[in-house]
Each structure stands twice: as C-alpha cells, then as structure tokens.
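# Coordinates in review
The primary structure of each chain is shown beneath.
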Amino acid sequence: MLIVLKYGGNAMTAEAGADATLDEVAGLARGGERIVIVHGGGPQIDAELRAKAIVEPRVAGLRATGGAARDVVEYVLCGTVNKALVRALAARGVPAVGISGEDGGVLSARRVGRVEGVDLGYVGEVASVDPSAVAALLDAGFVVVVAPLALEAGTHAALNCNADTAAGAIAGALRADAYVVITNVAGVRRDLHDPSSVIPRIDVAEARAMLADGTFTDGMIPKMAAAVAAIDGGARRAVVAGAGNGAIARALAGEGTEITASPR
Ligand SMILES: Nc1ncnc2c1ncn2[C@@H]1O[C@H](COP(=O)(O)OP(=O)(O)O)[C@@H](O)[C@H]1O
Ligand SMILES: CC(=O)N[C@@H](CCC(=O)OP(=O)(O)O)C(=O)O
C-alpha cells in the first residue's frame, strides 16, 4: 500500500504525540508499506520569523511570503524540520531520504499573486507534479520525506507552498492508496466550535460547497481543498484525522473525516 501522509507542524510537537506518529510510520515502513511524508512546519516558521522580527500576514490559511520570509521558510522546512524527520526515522531503523518539492522537479508552481487584496509574494500554487523522483526513492526502499517548496515554472525561483496543497497534489499524482492528513483536530467539524460535530464522511462535491460557504476557516481551507485535489488527482482515499497513538491506523479504520469521490 502506498500512503502519503501530511504531517503538519502542529501535529509534530511532543504534546501532539510526535513520537507515537513516528513510531507508527516506522512500524508501517518496516512492515513493507510505501510511505511518503509531506510535512509542514508553520509554527516552527512562525518562531523563526519572530526571532528575526519579520512580520507577514496570513490570508486564507496562506502566509504572505516576501524575499526575507521565503529564505526563512526554506531554511526551516528543508534544513531543520525535514532533516529532523529523517533523523527520527533513522533512529527507528528506517532509512529515509529528505527532499523538497524543488528536487527532481517534483513540484512546479506559479505565484498565487493577490488574495483578499494582499500580494502573497513567493507563495506558490502547484501547477504540476512530476512524482518520478519520489517513485524512484520508494522503489529503492526509502521512506520519502518532502518539504513543501516548489520551483516556479519558468524562473526556477523557490516558492513557498502550503504543505496541505503540496501533499494533496503529490498524493494524487502518485495515485496513493491513501492520503492521510494528521492534524490537531480529530476531524473536520460542521461547526468549528463544536468538537462533537466531526463529519465522518463527505464527498468532494459537498466539500467544495462547504469550502465556498465558509464552514472551513484558516488552515482547514487548504487542508480540505488539498483532500479534494488528492481524490480528483487519483488518490483512492483521503482522510483527515487527529494525531496520537495509532493515528494512521485509526484514520485508515474510519476515524476522522473521509473525503470520498462520490456520495455513499
Ligand atoms: N470546520 C473545521 N473543522 C475543524 N477544524 C477547523 C475547521 N475550520 C477551521 N479549522 C481549524 O483548522 C485547524 C487545523 O489546521 P492547521 O492549524 O493548519 O493544522 P496543521 O498545522 O496540522 O496543518 C484546526 O485546529 C482548526 O482550528
Ligand atoms: C504558503 C504557506 O502558508 N506555506 C506554509 C508552509 C508550511 C505549512 O504549511 O505548515 P503546516 O502544515 O504546519 O501549517 C507556511 O509558510 O507556513
């Protein structure tokens, strides 16, 4: 089974059970599953930008990214977070290779441009995916750890992609058996303020309608749009679920919110 895991920066903290998630990934990899981790690092980037007194707004879940912020994003995601995950897997006896979407031309993007009146600068939206480098590393027996940067089509500048957007696009292009999004809520809620309103199953048409009607805010917007893109792109399943012990197995067994191609 080929699993593409979106592993968000909030889910990666000790409080969210990062060790348990990595133990589970290692166990699945040792058991022969093919695993791609596309990671975020939003809170880790926030901390580094704060330390450098760089202020950028977030618009619809996306961080506006000027030149200075883009360099911080690349350094934190590729240099710090990506390699921490590679080391954590190595420590569990699982060989992993860490790349970014820039490597091997995996992610090609164009600039998002202005959103709600704000120029997002070096923020990319995925234009195309070439998963061949990822597939070659999987074939060679590695867990592949991907940071969500892309090459700008034409200029080859580094663009900052939302990690959900990058993960969904890669899951679709790889025709993943499962696209699993581990985050800091137990699933997608009909009402953000009501934890008991988790939606167990939603089809892509319904998800698109809810993206338009404002049910999802902040980080849930790119997360749901990416789940829809994963299914549209060819992933067989997409699930958004909470972190913790056995999170991936629980997500695959029906916890959280499953996004399906058609109503069922
Ligand atoms: N309808 C919704 N259901 C659940 N969470 C939502 C919803 N709308 C917005 N959110 C927010 O989205 C957050 C998850 O996105 P985000 O913080 O970007 O996570 P990650 O760092 O894992 O990518 C939740 O913690 C919640 O605050
Ligand atoms: C354009 C954009 O917003 N990029 C994100 C990339 C990291 C990310 O998405 O991390 P999480 O999954 O932890 O939120 C950012 O700069 O924070």
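Residues numbered from 1 in each chain as written. Chains lettered and ligands numbered in written order. Predicted model: local features only at pLDDT ≥ 70, side-chain atom pairs only at ≥ 80, totals over all residues. Heavy atoms only, no water.

## Here we look at the domain arrangement of the chain
We count it as follows: Either an automatic procedure or a domain database provided the assignment from which the domain bounds are taken. The contact rule is simple, with two residues in contact once any of their heavy atoms fall within 4.5 Å. In short, buried area is how much 1.4 Å probe accessible area vanishes from two parts on joining, totalled over both. Salt bridges are identified by distance alone: a Lys or Arg side-chain nitrogen within 4 Å of an Asp or Glu carboxyl oxygen. Within 3.5 Å is the distance limit for a polar contact, defined as a pair of N or O atoms, with the added protein rule that one can donate a hydrogen and the other accept it, and that residues adjacent in sequence qualify only through two side-chain atoms. Runs of H or I in DSSP of at least four residues are treated as helices and runs of E of at least two as strands, each being numbered from the N terminus.
Here the chain is partitioned into domain 1 (1-163) and domain 2 (177-264). Between the C-alpha centres of domain 1 and domain 2 there is a distance of 19 Å. Counting from both sides, the interface comprises 19 residues of domain 1 and, opposite them, 21 residues of domain 2. Between domain 1 and domain 2, roughly 1500 Å² of surface is buried when both sides are summed, and carbon and sulfur atoms account for 61% of that area. Three residues stand out in domain 1 for area buried against domain 2, namely V4, K6 and E24, and they jointly supply 31% of the buried area on that side. Where domain 1 touches domain 2, the interface holds 0 salt bridges. Taken together, the connections running from domain 1 to domain 2 amount to 9 residue pairs in polar contact (both at pLDDT 80 or more). Counting residues per element, the ones that place at least two in the side of domain 1 that touches domain 2 are β1 (2-7) and α1 (18-30).

## What about the UniProt feature "binding site: substrate" (unreviewed entry) in the chain?
Rules: UniProt positions are given in the numbering used here, feature names are shortened, and annotations may be inferred rather than shown by experiment. In this analysis, the protein atoms alone were mapped onto a 1 Å grid. Cavities are point sets where a 1.4 Å probe fits without being able to get out; pockets are open sets with protein on both sides within 12 Å along at least five of seven lines; lining residues have an atom within 4 Å of a point. Classification of residues uses two cut-offs on accessible area relative to the type maximum, computed with a 1.4 Å probe and protein chains only: under 20% is buried, over 50% is exposed, and between them is partly exposed.
The sites that UniProt annotates as "binding site: substrate" (unreviewed entry) are G41, G42, R63 and N160. On the basis of their most widely separated C-alpha atoms, the annotated residues across 120 residues gather in one place, lying no more than 11.8 Å apart. Lining residues of the largest pocket drawn from the annotated set just named are G41, G42, R63 and N160. Positionally, G41 belongs in the loop between β2 (34-39) and α2 (42-51). The class for G41 is buried, based on a relative accessible area of 3%. Not counting residues up to four positions away in its chain, the partners in contact with G41 are G9 and L77.

## A few points about the packing of aromatic side chains
Let me state the cut-off plainly: Stacked, tilted and edge-to-face pairs are distinguished by plane angle, under 30 degrees for stacked and over 60 for edge-to-face with tilted covering the rest, among Phe, Tyr and Trp rings (Trp via its six-membered ring) whose centres lie within 6.5 Å. Geometrically, a lysine NZ or arginine CZ counts as sitting over a ring once it is within 6 Å of the ring centre and also within 35 degrees of the ring normal.
According to the stated counting rule, one finds 0 aromatic pairs in the structure shown. In this arrangement the basic side chain of R70 is found over the ring face of Y122, its NZ or CZ atom lying 4.2 Å from the centre.

## Details of the site of ligand 2
The condition that has to hold: The criterion for a residue being near a molecule or strand is simple. One of its heavy atoms has to lie within 4 Å of it. Here, Shrake-Rupley sampling with a 1.4 Å probe gives the accessible areas, and only protein chains in the shown set may cover a residue. By definition, a pocket or cavity contains a molecule when more than half of the molecule's atoms lie within 2 Å of the pocket's grid points.
Taken together, the neighbourhood of ligand 2 is formed by 17 residues, with K6, G9, G42, R63 and A163 sitting nearest. G9 has a polar backbone atom sitting 2.7 Å from an oxygen atom of ligand 2. Between ligand 2 and R58, the relevant distance is 3.4 Å, taken from an oxygen atom to a side-chain nitrogen or oxygen of the residue. Considering ligand 2 on its own, with 430 Å² of exposed area, one finds that the protein chains cover 92% of that surface. Comparing atom positions with the cavity grids shows ligand 2 to sit within the largest pocket. Secondary structure elements with two or more residues in the shell around ligand 2: α2 and β4 (62-63). Looking at which element gives the most residues to the shell around ligand 2, the answer is α2, with 3 residues.

## Regarding the packing of helix α5 (residues 163-173) against helix α7 (residues 220-233)
This is how it is decided: Axis geometry follows a simple rule: fit a line to the C-alpha atoms, using only the stretch in contact for helices, then measure angles between N-to-C directions, giving values from 0 to 180 degrees. Note that the term roughly parallel is reserved for angles under 35 degrees, roughly antiparallel for angles over 145, roughly perpendicular for angles of 65 to 115, and oblique for everything else. Here the nonpolar group is Ala, Val, Leu, Ile, Met, Phe, Trp, Tyr, Cys and Pro; Asp, Glu, Lys and Arg are the charged ones; every other residue, Gly included, is treated as polar.
Close contact between α5 and α7 brings their axes to 7 Å; oriented N to C, the two are set at 10°. Viewed along their axes, α5 and α7 adopt a mutual orientation that is roughly parallel. Packed against α5, whose contacting residues are D164, T165, G168, A171 and G172, the element α7 presents P222, K223, A226, A229, A230 and G233 at the interface. Grouping the amino acids of the contact of α5 with α7 by side-chain chemistry returns 5 nonpolar, 4 polar and 2 charged.

## Remarks on helix α6 (residues 204-213)
Counted only if it meets this: Each C-beta atom gives one direction from the helix axis, and the arc is the one those directions make.
Those residues of α6 that fall on the buried side of the exposure criterion are V204, A207 and M210. Within α6, the buried residues cover an arc of 120° as seen down the axis, which keeps them to one side. Of the exposed residues in α6, the ones pointing more than 90 degrees away from its buried face are A212 and D213. Those residues of α6 hidden inside the fold are in contact with β14 (201-203), α7 and β16 (257-260). For α6, the N-terminal capping position is held by D203, with its side-chain oxygen 3.0 Å away from the main-chain nitrogen of A205. One or two residues past the end of α6 sits G214, with phi positive at roughly 90°.

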